[in-house]
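Per-entry structural report
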Amino acid sequence: MKKARIIYNPTSGREVFKKSLPEVLQKFEQAGYETSCHATTCEGDAIKAAKIAGQRGFDLIVAAGGDGTINEVVNGLADLEFRPKLAVIPVGTTNDFARAIGIPLNDVLGAVDAVINGVPKAIDIGRVNGQYFINIAGGGRLTELTYEVPSKLKTMLGQLAYYLKGMEMLPSIRPAEVEIEYDGKLFQGEIMLFLVSLTNSVGGFEKLAPDSKLNDGMFDLLILKKTNLAEFIRVASQALRGEHINDETVIYTKANRVKVANKDKMQLNLDGEYGGLLPGEFVNLYRHIEIITSKAKAEQMDD
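The present account deals with the structure reproduced in this document. Quick caveat: nothing in here was measured; it's all calculated off a predicted structure.

1. Observations concerning the nonpolar core
Ranked by size, the top nonpolar core spans 50 residues in total, and within it Phe17, Phe28, Val73, Leu86 and Ile89 carry the most contacts. Discounting chain neighbours no more than four positions away, the residues touching phenylalanine 28 are Ile6, Tyr33, Thr35, Leu60, Val62, Val112, Val115 and Ile116. Ranked by size, the runner-up nonpolar core spans 24 residues in total, among them Ala176, Phe187, Leu221 and Leu270.

Written as structure tokens, this is what we have:
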């Protein structure tokens, strides 16, 4: 009998997963998994729990929570010689990664069904400064709002909490001087932000990296050059439609390695969580983890 380990954040999404846990366990048992679970208690707990589960030979690790919980589970699995398959039950605020792999949002039992009936696919992950990410890494003042929004506010307001925080931050955002090397090319100058993406879904924007593929061995690199407030708002509105990539203030390209050097202090955002400080070199690890995707998403990846 196959073994599954559910690692869940009991406080995510108004505790909806915790309330559904008996039915979730029943569904996995009926699908042929001997299933156990671990409720996280503090930051970094999911890293340890995932590593232990991998070392104990579990066949499937299910990360139930927001993008931060998924990031921790990935960091627990990435260095292991044997890496179990990874599944995601999204119960966070943004749920970018679940959206990218075709797992239903705001529907715990629907997500479980999608996992049970899903298709395993090997996908890329990123590494920088000894840490791993599965969706997005970036730097620049605006990227910091994802972990500056208080958790209670996220629970109460959901995605709206990010928009409110972004509006509050806009007037104070200042450009940063950086040097970015990417696959033999070099950018030097002032930027508002940069993003190193593995999927098309970033901060709820589903077209921010429109050419992204989960398993092509390449990052999508987006650099927003120095802009004034009016230009910034214009680019943000274009990003909703995926039209920002042609804007004169934007560099959008693919790269396997990205090296960022900064003159001023710049924080590193990894899957929406604080990842320390830059500089850093981002490396794409080709098809490093097997993830359970929806059948439709699996077919797209085969194209």
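2. Topic: the pattern of salt bridges
All chains considered together, the criterion is met by ten salt bridges. Glutamate 177 is paired through a salt bridge with lysine 263; the nearest N and O atoms lie 3.4 Å apart. Taken together, the positions of glutamate 177 in strand β8 (residues 176-182) and lysine 263 in the loop between β12 (257-262) and β13 (267-270) put the pair 86 residues apart, joining distant regions of the chain. For glutamate 177, a relative accessible area of 36% corresponds to the partly exposed category. On the basis of relative accessible area, lysine 263 is assigned to the exposed category, the value being 66%. Ionic pairing is found between aspartate 247 and arginine 234, a salt bridge with its closest N-O pair at 2.9 Å.

3. Quick notes on empty space enclosed by the protein
Scanning the model with the defined rule gives one cavity of 30 Å³ or more in all. Of the pockets and cavities examined, the largest cavity occupies roughly 50 Å³. What lines the largest cavity is Ile136, Leu195, Ser197, Val202, Leu208, Ala209, Asp220, Leu221, Leu222 and Tyr252. The set of elements that each furnish at least two residues to the lining of the largest cavity consists of β9 (185-197) and β10 (219-225).

4. Examining the layout of surface pockets
Counted as a void, the second largest pocket has a volume near 190 Å³. Along the walls of the second largest pocket sit Lys2, Phe28, Ala31, Tyr33, Asp59, Leu60, Lys85, Val115, Ile116, Gly118, Pro120 and Ile292, which together make up its complete lining. Of the residues that constitute the lining of the second largest pocket, the class distribution is eight nonpolar, one polar and three charged.

5. A few points about the packing of aromatic side chains
Enumeration over the complete set of coordinates arrives at five aromatic pairs. An angle of 75° between the planes, with centres 6.1 Å apart, marks the rings of phenylalanine 28 and tyrosine 33 as edge-to-face. The pair phenylalanine 28 / tyrosine 33 is uniform in exposure class, with both members buried. Note on phenylalanine 133 and phenylalanine 219: the rings are 5.8 Å apart at their centroids and 15° apart in plane angle, and the pair reads as stacked. Taken together, the positions of phenylalanine 133 in strand β6 (residues 131-133) and phenylalanine 219 in strand β10 put the pair 86 residues apart, joining distant regions of the chain.

6. Concerning the packing of helix α2 (residues 45-55) against helix α3 (residues 67-77)
Here α2 crosses α3 at 40°, and the two axes come no closer than 7 Å. Between α2 and α3, the crossing angle belongs to the class labelled oblique. Crossing angle aside, the handedness with which α2 passes α3 is right-handed. Residue-level inspection shows Asp45, Ala46, Ile47, Ala50 and Lys51 of α2 in contact with α3, the latter providing Thr69, Glu72, Val73, Asn75, Gly76 and Leu77. A per-class count over the contact of α2 with α3 returns five nonpolar, three polar and three charged.

7. A few points about the packing of helix α1 (residues 16-30) against helix α5 (residues 108-116)
Remark: α1 packs on α5, axes separated minimally by 9 Å, with the N-to-C direction vectors making an angle of 35°. The handedness of the crossing between α1 and α5 is right-handed. Between α1 and α5, the contacting residues are Val16, Phe17, Ser20, Glu23, Val24, Lys27 and Phe28 on the first element and Val108, Leu109, Val112, Asp113, Val115 and Ile116 on the second. Looking at the contact of α1 with α5 residue by residue, the class counts come to nine nonpolar, one polar and three charged.

Cut-offs and rules
- Residues numbered from 1 in each chain as written.
- Predicted model: local features only at pLDDT ≥ 70, side-chain atom pairs only at ≥ 80, totals over all residues.
- Heavy atoms only, no water.
- Core = buried A, V, L, I, M, F, W, Y, C linked by side-chain atoms within 4.5 Å.
- Buried < 20%, exposed > 50% of the residue type's maximum accessible area, 1.4 Å probe, protein only.
- Contact = heavy atoms within 4.5 Å.
- Salt bridge = Lys/Arg side-chain N within 4 Å of Asp/Glu carboxyl O.
- Helix = DSSP H or I, 4+ residues; strand = E, 2+ residues; numbered from the N terminus.
- 1 Å grid on protein atoms, 1.4 Å probe; cavity = no way out; pocket = protein on both sides within 12 Å on 5 of 7 lines; lining within 4 Å.
- Points joined across faces, edges and corners; volume = space filled by probe spheres on them.
- Nonpolar A, V, L, I, M, F, W, Y, C, P; charged D, E, K, R; others polar.
- Phe/Tyr/Trp six-rings, centres within 6.5 Å; stacked < 30°, edge-to-face > 60°.
- Axes fitted to C-alpha atoms, helices over the stretch in contact; angles between N-to-C directions.
- Parallel < 35°, antiparallel > 145°, perpendicular 65-115°, else oblique.
- Left-handed = near helix turned anticlockwise from the far one by under 90°.

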